[in-house]
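Residue-level structure breakdown
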Amino acid sequence: MSVTIRTSGIRDFVQTEVSEFTISLGNKVKKAAQGVSPVDTGRLKRTISVGRPTFRQEKVSIKVSTNTGYGLYPEQGTGIYGPRGQVIRPRRAPFLVFQPRGLGHVIRVRSVRGQRGQHYMRDSLLAVIKKI
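Below or above, wherever it landed, is the structure these notes cover. Nothing here was measured: the structure is a model prediction, and the numbers come from that model.

Across its full length, the protein carries four helices and six strands. Moving toward the C terminus, one meets the helices and strands of the protein in the order α-α-β-β-β-β-α-β-β-α. The globule rule puts the C-alpha radius of gyration for 132 residues at 14 Å, and the 22 Å found for the protein is more than 25% above it. With the C-alpha coordinates of the protein rotated into their principal frame, the extents come out at 85 × 25 × 25 Å. Residues classed as buried in the protein amount to 19% of the 132 residues present. Nonlocal contacts in the protein, meaning residues at least 24 apart in sequence, comprise 53% of its contacts between residues at least 6 apart. Accessible area of the protein: about 10,600 Å², with a carbon and sulfur share of 53%. With 24 positive and 7 negative side-chain charges, the protein shows a spacing of 15 Å between the two charge centroids.

The structure is reproduced here in structure tokens:
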């Protein structure tokens, strides 16, 4: 009696199972990130998405991200709290000019310190990993 094992079938089965597990983890991170992401308009929270699993050699990865263009700023922080560690100053004018929500007048300043990172993605990933 001889037994023939089709390795491609095993590889496909394992890849399918690993893909489903990875997507499940990605969705858990997404849900956790949506629960703790900073909310101003709700756009950041709505645009958090999970990509497709990618396989490279023996490693599998999945991308949980946002396509807003500004999602990295609340995650890492800005100004003195961000990666560059510098005060934010105007580039083309003598003042930064902005009007905060709920304030009836415009504010003009020469610099701002920035905002501290809120780490909504990192904390969500760590929370999901802790539960595994």
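Another point: the packing of helix H1 (residues 7-36) against helix H4 (residues 120-131). Taken N-terminus to C-terminus, the directions of H1 and H4 make an angle of 130°; their axes are 8 Å apart at the nearest point. Accordingly, the angle class assigned to the pair H1 and H4 is oblique. The hand of the H1/H4 crossing is right-handed. From H1, Leu25, Lys28, Val29, Ala32, Ala33 and Val36 reach across to H4, where they touch Tyr120, Met121, Ser124, Leu125 and Val128. Split into classes, the residues belonging to the contact of H1 with H4 amount to nine nonpolar, one polar and one charged.

On the surface, a nonpolar cluster with roughly 750 Å² of combined accessible area is contributed by Met1, Val3, Ile5, Ile10, Phe13 and Val14. With respect to the element layout, Ile10 can be found in helix H1. Judged by relative accessible area, which is 45%, Ile10 ranks as partly exposed.

Below, the discussion takes up the nonpolar core. In this structure, Ala33, Leu44, Ile48, Tyr120 and Met121 together form the largest nonpolar core, which totals five residues. What Ile48 contacts, discounting residues up to four positions off in sequence, is Lys30, Ala33, Gln34, Ser37, Val64, Ser65, Thr66, Tyr120 and Met121.

Compared with the 44 Å implied by 1.5 Å per residue over 30 residues, the 43 Å span of H1 between its first and last C-alpha is a close match. Along H1, the residues that are buried comprise Gly9, Ser19, Thr22, Gly26, Val29 and Ala33. Looking at the buried side of H1, the elements it contacts are strand E1 (48-50), strand E2 (54-56), strand E3 (59-61), strand E4 (64-66) and H4.

Conventions we followed
- Residues numbered from 1 in each chain as written.
- Predicted model: local features only at pLDDT ≥ 70, side-chain atom pairs only at ≥ 80, totals over all residues.
- Heavy atoms only, no water.
- Helix = DSSP H or I, 4+ residues; strand = E, 2+ residues; numbered from the N terminus.
- Rg over C-alpha atoms; globule rule 2.2 N^0.38 Å.
- Buried < 20%, exposed > 50% of the residue type's maximum accessible area, 1.4 Å probe, protein only.
- Contact = heavy atoms within 4.5 Å.
- Areas by Shrake-Rupley, 256 points an atom, 1.4 Å probe, with all protein chains shown as cover.
- Lys, Arg positive; Asp, Glu negative; His and termini not counted.
- Charge placed at Lys NZ, Arg CZ, Asp CG, Glu CD.
- Axes fitted to C-alpha atoms, helices over the stretch in contact; angles between N-to-C directions.
- Parallel < 35°, antiparallel > 145°, perpendicular 65-115°, else oblique.
- Left-handed = near helix turned anticlockwise from the far one by under 90°.
- Nonpolar A, V, L, I, M, F, W, Y, C, P; charged D, E, K, R; others polar.
- Patch = residues over 30% accessible without salt bridge, like charges linked within 9 Å, V, L, I, M, F, W, Y side chains within 5 Å.
- Salt bridge = Lys/Arg side-chain N within 4 Å of Asp/Glu carboxyl O.
- Core = buried A, V, L, I, M, F, W, Y, C linked by side-chain atoms within 4.5 Å.
- Expected span 1.5 Å × (residues − 1).

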